[in-house]
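This is what each chain is made of:
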Amino acid sequence: GYRYVILDIPLLFETRGLTRLMKYTVLVYCDPPTQLARLMKRSGLGVAEAEARISSQLPLEEKRRWATHVIDNSGDWESTRRQVLQLHTRLEDSLDFLWARLAVGAAVAGLGGLVFLLVRHFIS
């Protein structure tokens, strides 16, 4: 019953090919100083190692061009949470996949009707 699926793929834009399989992509980013500090803290890296890892990735501006939605994770938790909830509402309210839901509904209704007729036929 969900209207979308979330795949957490850290290097999605670096793969390039996978983005063709997705209707929407979401970039969750933070400003470069915050990114460096978080990476160093999370992975226990020194400044040079962390900078090397970040520089091996696509530049942020290029990722922003590839993304259909962008969430700025530079601020506090509540700010990020609000952005995620706004995006969730937008995706939930989207009619992009209405045709698929209608087709599945019609197929289920058709099969249900067929089962009903078969059961009725064999009972009588």
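Criteria and thresholds
- Residues numbered from 1 in each chain as written.
- Predicted model: local features only at pLDDT ≥ 70, side-chain atom pairs only at ≥ 80, totals over all residues.
- Heavy atoms only, no water.
- Helix = DSSP H or I, 4+ residues; strand = E, 2+ residues; numbered from the N terminus.
- Buried < 20%, exposed > 50% of the residue type's maximum accessible area, 1.4 Å probe, protein only.
- Contact = heavy atoms within 4.5 Å.
- Polar contact = N/O pair within 3.5 Å; in protein donor to acceptor, adjacent residues only side chain to side chain.
- Core = buried A, V, L, I, M, F, W, Y, C linked by side-chain atoms within 4.5 Å.
- pLDDT = per-residue confidence, 0-100.

Per an unreviewed UniProt entry, the recorded name for the protein is DCAKD protein, and the organism is Pheucticus melanocephalus.

### Brief notes about the environment of glutamate 14
For glutamate 14, the location among the structural elements is in helix α1 (residues 12-15). Since its relative accessible area comes to 25%, glutamate 14 is described here as partly exposed. Distance from glutamate 14 to glutamine 86, taken between C-alpha atoms, is 26 Å for residues 72 residues apart in sequence. If sequence neighbours within four positions are ignored, glutamate 14 has contacts with Gln57, Leu58 and Lys63. Looking at glutamate 14, its side chain comes within polar contact range of the main-chain nitrogen of leucine 58, at 2.9 Å.

### A few points about the nonpolar core
Formed by Leu12, Phe13, Leu27, Tyr29, Leu58 and Ala67, the largest nonpolar core amounts to six residues. For this core, the secondary-structure elements that each account for two or more residues are α1 and β1 (26-29). Aside from chain neighbours lying at most four places away, what touches leucine 58 is Phe13, Glu14, Arg16 and Lys63.

### As for the side chain of threonine 25
Note on placement: threonine 25 falls in the loop between α1 and β1. Taking the relative accessible area as the measure of exposure, threonine 25 reaches 5% and is therefore buried. Beyond its immediate chain neighbours, meaning those up to four positions away, threonine 25 contacts Leu12, Phe13, Thr19, Trp66, Ala67, Thr68 and His69.

### Overview of the confidence of the model for the protein
Regions with low pLDDT carry predicted coordinates that are not meant to be interpreted in detail. Mean pLDDT over the protein: 87, with 92% of residues reaching 70 or higher. For the protein, per-element mean pLDDT is lowest for helix α6 (residues 98-123), which scores 77, and highest for strand β2 (residues 69-72), which scores 96.

### Some details on the environment of arginine 53
Secondary-structure assignment places arginine 53 in helix α3 (residues 47-55). For arginine 53, a relative accessible area of 39% gives the class partly exposed. Each C-alpha atom of the pair arginine 53 and valine 104 lies 45 Å from the other, and the pair is 51 residues apart in sequence. If near-sequence neighbours (up to four positions away) are discounted, arginine 53 is found in contact with Leu39, Ser43 and Leu45.

### Re the environment of glycine 46
Examined against the element boundaries, glycine 46 turns out to sit in the loop between α2 (32-43) and α3. Taking the relative accessible area as the measure of exposure, glycine 46 reaches 30% and is therefore partly exposed. Counting along the chain gives 20 residues from glycine 46 to valine 26, while the straight-line C-alpha distance between them is 29 Å.

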